[in-house]
Amino acid sequence: MKRRDLLKSLSMAAGGMLWTRNLAGQSNQGESKAKARLATPIRALARKNGQVYQPLEIHLEDTALSGEAVTKLDGIEVDRRNVKTGSHTFDIYLKPVNQPKQSTVTVEINGKAFTDQVELKPVRKMLVYVLPHSHHDLGYTDLQADVEQKQIRNITRGIELARKTADYPEGSRFVWNLEVLWGADLYMRRSDESARRALIEAVQKGWMGINGSYANELTGLCRPEELLQLFRYSGELGNTCGAKVDSAMMSDVPGFSWGTVTAMSQAGIRYFSAAPNYFDRIGTFMVTWQDKPFWWVSPSGKEKLLFWIPWTGYALSHVMKLGDELVSKYQDRMDEVHFPYDISYIRWSGHGDNAEPDPELSDWIRDWNQKYEWPRFSIASTSTAFSAFEKRYGNQLPQYRGDLTPYWEDGAGSSALETAMSRNAADRINEAAALTALGKINAYNPSSYAEAWRDVLLYSEHTWGAWNSVSDSENPFVKKQWDVKRAFAVDADKLSKDLLAQAGGAQATESSANAIEVHNPSSWSRTEIVYLSHELSSAGDRVTDSRGKPVPSQRLSTGELAVQIKDVPAFAAASYRISPNKALAPNTPVSYKDHRLSNGVLELSIDPSTGDVSALRLHGEQQNLADNRKHRLNQFLFLQGKDVDHLQSSSTATIVVEEQGPLLVLIRIESSALGCKSLVRRIRLSAGADYVEVANTVDKLRAPLNPHPGVGGPGDEFAQRGSKESIQFAFPFAVPDGKMTLDIPLGNMRPEADQLPGSCKNWLPVGRWVDVSNESLGVTWITQDAPLVEIGEISATMLGSQRDPSVWRKHIDETQTFYSWVMNNHWGTNYLAYQEGPTTFRYALRPHRKHDASAASRLAIALSEPLLSRPSDSVSQESESLLRIEPAEVIAITLKPSEDRKAWIVRLFESSGQPRSAKLTWAASQAVQSWRSNLAEEKLEPVGNEVHLDGWELLTLRVEKKAP
C-alpha cells in the first residue's frame, strides 16, 4: 500500500524493535545479503520424550567439512551428529532457561570450531489468539468500486479457507473476521440467495465472526444518532445469521469519542478491538495504550467495554512474516511492556490494506502448534478471543473513564463544505424521523432512512481520498475518488431533504395557503423565529395564532416573513393565520445603534474597523464576556504553514445593516482576507432571544498546487509541507474563574480533566457546543457546521506525516479561549490538497447565568433541527403532545418509528450529568406499553411511565399501542 511507502527509507520503531523491511517483509533493494548466524534461539518450548526443552537452531553455511559435529553450550557438549559437506540446519534441545542468559555456542567439525554468541530467553507459556481480517479502506489504494468488489470477494475467500481447513486441528481452523460491515452489507444486497446463505452458514458454523461497526469511523465527527447508527446494522445482520454480536473492530483510526462506549453498549457490544495506524499522526495514542487492555467506562458510568490495542495495531502482517522471528519478537514486546497475562491477541490483516485472507496462516499455525507446546496460537473471532480473556482476567483489569480524543478528525477540515453538509444531513434525518413518528408511523420507509444514514456514515468513514491526493491532486485517479467521497455528503444532503419534505407533507399548496402549521420535533416546548418563504407568506405580513392573537412578524429584504413563534408544545403542532394587515412589532424591539446590538436580554458590540465582536454582555451586567487582549470574538485568522507568530487577520471591514428590525436585526460585515476571494460575516439578533446568531461565509481561494505533480508521492517535500494553510475564528471569553466544557456525542467532557492519556490535545472535535462558566455567569458557544476546536492557543500546527510522539501537545492549561478551526490542508495524503468556493460556518453565542448543560443542548439541537412550517387550509387548535417528558433535563434525542412500523422508538438522554427520574406522559388518545430496548429495537423488559436515568445515561424505549 502506498501509505506504507513512507516507511521504505525509514526504520520503524514499534515496541523497541526496529525493522528496515518494506511492506512485503523483505529486505530493501540494494542491501547486501546478511551472513547467516551459526546459532539462533527459537523462543519456544517443545516436548521430547515427555520432557520440555527449548530449541536452538544450528545453521552450518556451505562448509567443506564432513564428519562428526559436536555442539557445545558454554563449553558443555549438548549435541553430537554426523554431517556432510554443504549447508545444514538442525535443532538441538536445551533445558529451558528461567531468566535471560548470554551463552557461547561452539560447533566443532574435525578440529575446526565455529562460534557464536546467543541470548537465551525464558519462553512465555501464553496463548496468542490470531484475528484474521482485511483492513477496509474505502478507496485510497484503488477506486471505491474496485475496493467494494475486493471486500465482497474477501468474504467468499474467507469462507473457502474456513471450509478447506475445517478438519485441521483446533486453533488452526481458519476464521474470517468481518472487520467492519459495509462490505458485508454490500455482499448481502448484491449476492444471490446461495451466496447469502453461505455467509449465514459460515457465521453459524463459527467460520466467520461479525464485528459490530459499520465502518472505520471518525467518531468525533458523529452526531449522537449517527454514532448509534454506526452499530445498528450489526443487530440486523446478527439476527439474520442467528448470532449474537458482542464485539467490534476499528482499524487505522487513532482515538475515539467517549460516547462510543454508550453507542456500542446499545448494540450489545462488550469487546472493542482497536487497532490504529502504527506510526502516522497518532500522537501518543499507541505509546500509551498498546498491549494494555482495560475497561473503558461510559460517561454515565453504567456501561463499559473491554478495550484492547494489539501490538502494531492492525499492521503486524504488513511488517513481519509468519515464522520463528515473529514469535521471538512478539515475546520480546511482551517482556518490554511487562505484559502480565498468559492470553493475548494479534491482528493479521494480510499484506496491505484491503488485502485478501492470508492462505498461509492456518498451515503455519497448525505446523507450529504441532511442533511446539508454547507459546500456542489459535485463530479466532474477536468475540472468542476477548471472551476467553475476560473469563480469565476480566476482574483484574483497570477501569478508566474519559475521552480518548481522536486525532484524524482534523482531515475533515480539508473539505469543510461537505463536512457541514453531512453534519446537517444527520440532523435533518433525525428530525424527519421524529415528524414521521408524530404522523402516521406506517408512512415510515426503513430502507430510505437506512440509505440516508449509510451516506452519512460513509462520509465520516476515515478514507477520504487517494494515496496521492496531495502530491498529485489533479490526477484523474485522485479526482474520481474524491467525486465518490463527496457524493456521500451530497447524496445524504438530498436524501435528508427529501425525507424531511415527505415527513412534513403539506396539506395545501404554498400559493393557496393563508394558514400554516408549525411542528415541533423536540421533547420540550419551543419558542423561536421561523422563516416563511415569500410564496408561503404571500397572504400578507400579519400573523395570528389559533386564538386570533397576533404574534410579532417582520417582512425581510429577501422576501421571507420572519415570525416569532412561542411555546409550541413538545412533539406537537400549532396553527397560525396570515393576513394582509400590518405586522405586529414585539413589545421590546431589537435595536442597532453605534455598532451595538441590543434586545433587552443581551448586548453585543461590533468593532467598526475590523468587524470583530468587541463586547458581549447580559443586559444590565458590567462584565464584558469578550476577552480582547490578544484576539477578539469571531476574529478571522489565517495561518500559513505553522507560523503562529505571523497570523493574518482580515482587512478593514465594511458594515451594512441588512435587516432593520424591529423583530430582528441582521448585520453584514464584509472584508478581504488572505487565502479568500471574500469574507462575509453576518450577525443576527432577534427580539426576546437570549442568544445571538453568527454566520461566517468564507469564499476560499485554492491553495497553490504541487509544481511537480506526482514526483515523490506522499513523502515528498510538497506533500509534507508545501502550500499548507488553515483558517480559524477566535473565541476568547472573559468569565471570571470560568471553566470550559465541551459537548460530545452522548456526553460532555472537560479538556484535559476528562481526557484519558494518549488523547489528542492539539485539536478536539466538538459535538454541538462549548461552554465557559463560573457559578453565576457564563457563555455558551454553539457550532452547527464546524466540528473542530483548538483550546487556549493555535496548536493545530502538525504538518504532513508526524511519527514522533514527543512533538505532540501534552497538556491543556485552564483557559477561556478557543478557536474554531474551520479549514486546513495539513495532511500529506488521503485528505484534500485544497478547497475553494464559499462555505458558511454558523455559530450562536448565548450569555447566561449558571451553567446549564441541558439548556445548552436544547438550544443547539433547536438550531440544528428547527421548527418545521408547512402550508395548511385552515387554522386549528393547538395539537396535543404525542409525548411530554419531565424534567426538561431528560431529552428525547431521537423519536422514530420502529423498523417494523409497529412501535415508537424513543431514546432518552440525561443531559445535565445528574441522576433523574423521568416521567413520560403520552397523549390521552394513546394507550401504550413500553419496554426497555436497544439498537435492534427488541423488547428487553417492561417499564412504566416513570424511569430512572443516571447522569449522561442513554435509555432506548420501544413503545407500542395497547391492543383495543
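The rules behind the values
- Residues numbered from 1 in each chain as written.
- Predicted model: local features only at pLDDT ≥ 70, side-chain atom pairs only at ≥ 80, totals over all residues.
- Heavy atoms only, no water.
- Helix = DSSP H or I, 4+ residues; strand = E, 2+ residues; numbered from the N terminus.
- Rg over C-alpha atoms; globule rule 2.2 N^0.38 Å.
- Buried < 20%, exposed > 50% of the residue type's maximum accessible area, 1.4 Å probe, protein only.
- Contact = heavy atoms within 4.5 Å.
- Areas by Shrake-Rupley, 256 points an atom, 1.4 Å probe, with all protein chains shown as cover.
- Lys, Arg positive; Asp, Glu negative; His and termini not counted.
- Charge placed at Lys NZ, Arg CZ, Asp CG, Glu CD.
- Polar contact = N/O pair within 3.5 Å; in protein donor to acceptor, adjacent residues only side chain to side chain.
- UniProt positions renumbered as here; feature names shortened; annotations may be inferred.
- Phe/Tyr/Trp six-rings, centres within 6.5 Å; stacked < 30°, edge-to-face > 60°.
- Lys NZ or Arg CZ within 6 Å of the ring centre and 35° of its normal.
- Pairing = 2+ DSSP bridges.
- Core = buried A, V, L, I, M, F, W, Y, C linked by side-chain atoms within 4.5 Å.
- Domains from an automatic or database assignment.
- Buried area = accessible area lost by both parts, 1.4 Å probe.
- Salt bridge = Lys/Arg side-chain N within 4 Å of Asp/Glu carboxyl O.
- Axes fitted to C-alpha atoms, helices over the stretch in contact; angles between N-to-C directions.
- Parallel < 35°, antiparallel > 145°, perpendicular 65-115°, else oblique.
- Left-handed = near helix turned anticlockwise from the far one by under 90°.
- Nonpolar A, V, L, I, M, F, W, Y, C, P; charged D, E, K, R; others polar.

Draft legend 1. Region of the structure containing the overall build of the protein chain. Helix and strand content of the protein chain: 16 helices and 54 strands. Taking 2.2 N^0.38 as the reference for a compact globule, 964 residues should give roughly 30 Å; the C-alpha atoms of the protein chain span a radius of gyration of 31 Å, in line with that estimate. By its C-alpha atoms, the protein chain is 115 × 70 × 50 Å across when sized along the principal axes. Counting all 964 residues of the protein chain, 62% fall into the buried class. Long-range pairs, those at least 24 residues apart, make up 75% of the contacts in the protein chain with a sequence separation of at least 6. Accessible surface for the protein chain amounts to roughly 36000 Å². Of this, 46% is attributable to carbon and sulfur atoms. On the protein chain, the mean spot of the 109 positive side-chain charges and the mean spot of the 118 negative ones are 2 Å from each other.

Draft legend 2. Region of the structure containing the environment of Ser872. Looking at where Ser872 falls in the secondary structure, it is placed in strand S46 (residues 868–872). Of note is the side chain of Ser872, whose polar atom sits 2.9 Å from the backbone oxygen of Ser874.

Draft legend 3. Layout of the UniProt feature "domain: Glycosyl hydrolase family 38 C-terminal" (unreviewed entry) in the protein chain. Listed under "domain: Glycosyl hydrolase family 38 C-terminal" (unreviewed entry) in the UniProt record, and renumbered for this structure, are residues 597–784. As annotated, residues 597–784 has a helix share of 3% and a strand share of 45%, and its two end C-alpha atoms lie 22 Å apart.

Draft legend 4. Structural context of the packing of aromatic side chains. Scanning the entire structure with this criterion turns up 45 aromatic pairs. Each ring, one from Tyr271 and one from Phe386, has its centre 5.9 Å from the other, and the planes form 55 degrees; the classification is tilted. A residue pair is termed long-range when its members are at least 10 positions apart, and Tyr271 in strand S15 (residues 271–276) and Phe386 in helix H11 (residues 382–393) qualify at 115 residues. Looking at Phe386, the relative accessible area reads 0%, which means it is buried. Residues Trp296 and Phe307 carry aromatic rings whose centres are separated by 5.6 Å and whose planes lie at 75 degrees to one another, so their mutual orientation is edge-to-face. One end of the pair, Trp296, is in strand S16 (residues 294–297); the other, Phe307, is in strand S17 (residues 304–308), and 11 residues separate them in sequence. Residue classification places Trp296 among the buried positions, given a relative accessible area of 0%. Note on Phe307: relative accessible area 1%, which makes it buried. Members of the aromatic cluster, joined through ring pairs, are Phe256, Phe272, Phe285, Trp289, Phe294, Trp296, Phe307 and Tyr400. Arg366 extends its terminal NZ or CZ atom over the ring of Tyr168, reaching a point 4.7 Å from the ring centre. Looking at Lys485, its charged tip hangs above the ring of Trp464, at a distance of 4.2 Å from the centre.

Draft legend 5. Here's a closer look at the UniProt feature "domain: Glycosyl hydrolases family 38 C-terminal" (unreviewed entry) in the protein chain. Residues given the UniProt feature "domain: Glycosyl hydrolases family 38 C-terminal" (unreviewed entry) here are residues 891–957. For residues 891–957, the end-to-end C-alpha separation is 13 Å, with 0% helix and 55% strand making up the annotated structure.

Draft legend 6. Local environment of the pairing of strand S33 (residues 654–660). With 6 bridges connecting them, S33 and strand S34 (residues 664–671) associate as antiparallel partners. Counterpart to Glu659 in the pairing with S34 is Leu666.

Draft legend 7. Quick peek at the nonpolar core. One finds Leu237, Trp296, Phe307, Phe729, Phe733 and Trp781 to be the most contacted residues of the largest nonpolar core, which totals 197 residues. The contacts of Leu237, once residues within four sequence positions are left out, are Leu178, Leu181, Ala184, Met188, Leu199 and Ile210. The next biggest cluster of nonpolar side chains, apart from the first, holds 23 residues, and it includes Leu882, Leu895, Val906 and Val959.

Draft legend 8. Examining the side chain of Ser522 more closely. Mapped onto the fold, Ser522 is located in the loop between strand S21 (515–519) and strand S22 (526–532). Note on Ser522: relative accessible area 3%, which makes it buried.

Draft legend 9. The arrangement of the domain arrangement of the protein chain in detail. Splitting the protein chain by domain gives domain 1 (39–120), domain 2 (127–401), domain 3 (410–503), domain 4 (515–584), domain 5 (591–864) and domain 6 (883–961). If you look at the interface, domain 3 gives 4 residues, while domain 4 gives 5 residues. Between domain 3 and domain 4, a total of about 320 Å² is buried, with carbon and sulfur atoms accounting for 84% of that surface. Scanning the region where domain 3 abuts domain 4 turns up 0 salt bridges. At the boundary of domain 3 and domain 4, one finds 0 residue pairs in polar contact (both at pLDDT 80 or more).

Draft legend 10. Looking closely at the environment of Trp808. Note on placement: Trp808 falls in the loop between strand S43 (788–791) and strand S44 (817–824). On the accessibility criterion, Trp808 (4% relative accessible area) is buried. With 399 residues separating them along the chain, Trp808 and Glu409 place their C-alpha atoms 16 Å apart. Among all residues touching Trp808, those that are not within four sequence positions of it are Arg281, Ile282, Gly283, Tyr407, Asn762, Trp763, Met798 and Gln802.

Draft legend 11. Representation of the packing of helix H12 (residues 416–438) against helix H14 (residues 476–503) in the model. Their axes nearest at 8 Å, the elements H12 and H14 cross at an angle of 25 degrees. Comparing the axis directions of H12 and H14 gives the class roughly parallel. Note that H12 runs across H14; the crossing there is left-handed. From H12, Leu417, Glu418, Met421, Ser422, Ala425, Arg428, Ile429, Glu431, Ala432, Leu435 and Thr436 reach across to H14, where they touch Trp482, Arg486, Ala489, Val490, Ala492, Asp493, Ser496, Lys497, Leu499, Leu500 and Ala503. Residue composition of the contact of H12 with H14, grouped by class: 13 nonpolar, 3 polar and 6 charged.

Draft legend 12. Highlighting the side chain of Asn748. Looking at where Asn748 falls in the secondary structure, it is placed in strand S39 (residues 747–749). For Asn748, a relative accessible area of 8% gives the class buried.

Draft legend 13. Inspection of the sheet that holds strand S48 (residues 890–897) at higher detail. Strand order in the open sheet formed by 5 strands is S48-S49-S54-S51-S52, with antiparallel pairing between adjacent strands. Among the strands making up the open sheet, the edge pair consists of S48 and strand S52 (941–943). Across the sheet, the mean angle from the axis of one strand to that of its neighbour is 30 degrees, orientation sign disregarded. Judged from the 5 bridges that link them, strand S51 (residues 928–932) and strand S54 (residues 954–961) form a sheet pairing that is antiparallel. Within the sheet, the bridge partner assigned to Ser930 lies in S54 and is Val959. Relative to S48, H12 is tilted by about 70 degrees, and along the sheet it contacts S48 and strand S49 (904–910).

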